[in-house]
Amino acid sequence: MAVEKLYESDNFLVVNKPYDMYINSDDEYEKNTVTYHIASPDSHLSTSVFPLHFVQRLDYATSGVLCIAKNKMSASKAGKLFENRSTKKYYLAVLRDHIKFEVADIQFDVGLDPLTQSSSHRMSALTTAEGTANCIQCRSAHTRALRLETGYFEGDPVSVVLLKPITGRRHQLRVHCSAIGHTILGDYTYSGTKDNMTHRMYLHATRLVLPIPQEPLDIQTSEPFHLDQQFSTKWKSKDSYYKYRNKEEFLNVCDILDQPYVIGVQYKKFTM
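Fair warning: this is a prediction, and the values are worked out from it, not measured in the lab.

Just checking my understanding: could you explain the overall build of the protein for this structure?
Across its full length, the protein carries 5 helices and 15 strands. The C-alpha radius of gyration computed for the protein amounts to 19 Å, which stays within 12% of the reference 19 Å derived for 272 residues, consistent with globular compactness. When the backbone C-alpha atoms are referred to their principal axes, the protein occupies close to 55 × 45 × 35 Å. With 272 residues in all, the protein has 51% of them scored as buried. Considering only contacts in the protein between residues 6 or more positions apart, those separated by 24 or more positions represent 64%. Working note: accessible area of the protein is about 13600 Å², and carbon and sulfur atoms make up 49% of it. Computed over 32 positive and 31 negative side-chain charges, the separation of the two mean positions in the protein equals 4 Å.

Any chance you could explain a nonpolar patch on the surface here in plain terms?
Taken together, Tyr 261, Ile 263 and Tyr 267 make up a surface patch of nonpolar side chains, about 360 Å² in accessible area. Along the chain, Ile 263 falls in the loop between helix 5 (247–258) and strand 15 (267–271). Ile 263 gets classed as exposed once you look at its relative accessible area, which sits at 80%.

Just to check I follow, could you spell out helix 3 (residues 172–179) for this structure?
Residues spaced three or four apart along an α-helix face the same direction, because each turn holds 3.6 residues. Of all the 8 residues making up helix 3, 6 are buried; the element is thus mostly covered by neighbouring parts of the structure. Residues of helix 3 that are buried: Gln 172, Leu 173, Arg 174, Val 175, His 176 and Cys 177. Positioned one or two residues after helix 3, Gly 181 has a phi angle of 90°, which is positive.

Help me understand the pairing of strand 13 (residues 217–220) in this model?
Sheet faces and side chains relate simply in a regular strand, where the side chains alternate between the two faces. Sheet topology places strand 12 (residues 203–210) next to strand 13; 4 bridges connect them, and they run antiparallel. Among the inter-strand pairings, Arg 207 is bridged to a residue of strand 13, identified as Gln 220. Linking two consecutive strands that pair antiparallel, namely strand 12 and strand 13, is a turn of 6 residues; a positive phi of about 70° is found at Gln 214 within it.

How do you make sense of the state of the cysteines when you look at a structure like this?
Each disulfide is one covalent bond, formed between the sulfur atoms of two cysteines. Enumeration according to the criterion identifies 1 disulfide in this entry. Through a disulfide, Cys 135 is tied to Cys 138; the S-S separation comes to 2.1 Å. Among the residues examined, Cys 135 registers a relative accessible area of 5% and is labelled buried. Exposure remark for Cys 138: the relative accessible area of 28% places this residue in the partly exposed category. For the unlinked cysteine Cys 67, the closest cysteine sulfur is that of Cys 254, found at 17 Å. Overall, the relative accessible area of 0% leaves Cys 67 in the buried class.

It is not clear to me how the environment of Asp 195 should be interpreted in this structure. Could you clarify?
Relative to the helices and strands, Asp 195 is located in the loop between helix 3 and strand 12. We classify Asp 195 as buried; its relative accessible area is 8%. Separated by 10 residues in sequence, Asp 195 and Leu 185 place their C-alpha atoms 7.1 Å apart. Those residues in contact with Asp 195 that sit more than four places away from it in its chain are Arg 96, Ile 184, Leu 185, Gly 186, Asp 187 and Tyr 188. At 3.0 Å, the side chain of Asp 195 forms a polar contact with the side chain of Arg 96.

What is the right way to read the pattern of salt bridges from this model?
Between side chains of opposite charge, pairing is possible as soon as their charged atoms come close. If you walk through the whole model with that rule in mind, you get 14 salt bridges. A salt bridge links Arg 96 to Asp 156; its shortest N-O distance comes to 3.4 Å. Here Arg 96, found in strand 5 (residues 88–96), pairs with Asp 156, found in strand 11 (residues 156–165); they are 60 residues apart in sequence, far enough to count as distant. With a shortest N-O distance of 2.8 Å, Arg 144 and Asp 105 are connected by a salt bridge. Here Arg 144, found in strand 10 (residues 143–153), pairs with Asp 105, found in strand 6 (residues 103–107); they are 39 residues apart in sequence, far enough to count as distant. Taken individually, Arg 144 and Asp 105 each receive the classification buried, so the pair is uniform in this respect.

Sorry if this is basic, but what is going on with the sheet that holds strand 9 (residues 136–139) here?
Strands pair in a sheet through their backbones, by hydrogen bonds, and they do so in one of two ways: parallel or antiparallel. Within the open sheet, the 3 strands sit side by side as 8-7-9. Their pairing is antiparallel. Looking at strand neighbours, the two that pair on one side only are strand 8 (123–126) and strand 9, the edges of this open sheet. For this sheet, the mean angle separating the axes of adjacent strands, direction not counted, is 30°. Across the sheet, helix 3 touches strand 7 (109–112) and strand 8, and the angle it forms with strand 8 is around 50°.

So, how was this worked out
Residues numbered from 1 in each chain as written. Predicted model: local features only at pLDDT ≥ 70, side-chain atom pairs only at ≥ 80, totals over all residues. Heavy atoms only, no water. Helix = DSSP H or I, 4+ residues; strand = E, 2+ residues; numbered from the N terminus. Rg over C-alpha atoms; globule rule 2.2 N^0.38 Å. Buried < 20%, exposed > 50% of the residue type's maximum accessible area, 1.4 Å probe, protein only. Contact = heavy atoms within 4.5 Å. Areas by Shrake-Rupley, 256 points an atom, 1.4 Å probe, with all protein chains shown as cover. Lys, Arg positive; Asp, Glu negative; His and termini not counted. Charge placed at Lys NZ, Arg CZ, Asp CG, Glu CD. Patch = residues over 30% accessible without salt bridge, like charges linked within 9 Å, V, L, I, M, F, W, Y side chains within 5 Å. Salt bridge = Lys/Arg side-chain N within 4 Å of Asp/Glu carboxyl O. Pairing = 2+ DSSP bridges. Disulfide = S-S within 2.5 Å. Polar contact = N/O pair within 3.5 Å; in protein donor to acceptor, adjacent residues only side chain to side chain. Axes fitted to C-alpha atoms, helices over the stretch in contact; angles between N-to-C directions.

Structure (structure tokens):
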């Protein structure tokens, strides 16, 4: 599967990562990685002749915008922006069932699932005070969500949403969606291995804003799902709340999600 380059300069390379692909691997024979497709297989190592610096991460199953620094100075600048939450990240996701809210803030702490902490395969959300035993090393986490459209996928009710992680915890979006009862379509891990019939997990990093001095980046991909026949041929729309399928429309819904709560909007806050 090809890795599309979205932007390149002397300091940064931004790509559109395919779903079901690793970012890098210590296995020199592993070819299903971003680094294999865009550089040498060892480019993520400091010993590489031309090392790359991954200033963000995307899960194996998640597709979308991935920013890579070409030198340590650029990596440091971008890393500081991620650390102080000056970046903006926007994801499109298809969730199981029809959601009732229009805008939501999800503020459940996220930590390790004690059942898989040795392998780090799964995280957990702290949704009740009694649930502390099911969430180890919990850290505060915050996700904003905007309902864009509801419909049916292969006859099952689903919702298309825009997600904006305010914090950046491991598996945060997947954990938060699962915690509010709307697992991401195709998420094998957080559906308890039940959601295994789709060809991918429907979570895509659609836009990344990095306000880097002298080189501000605002990178966006095309809408990923309706352009895929494996989705569009199985999709039937029910209610459309916001237009989002072209790049200008997507920028508009990002602006809506950036706004504080407005009276009249179906708003929901999820917190312990």
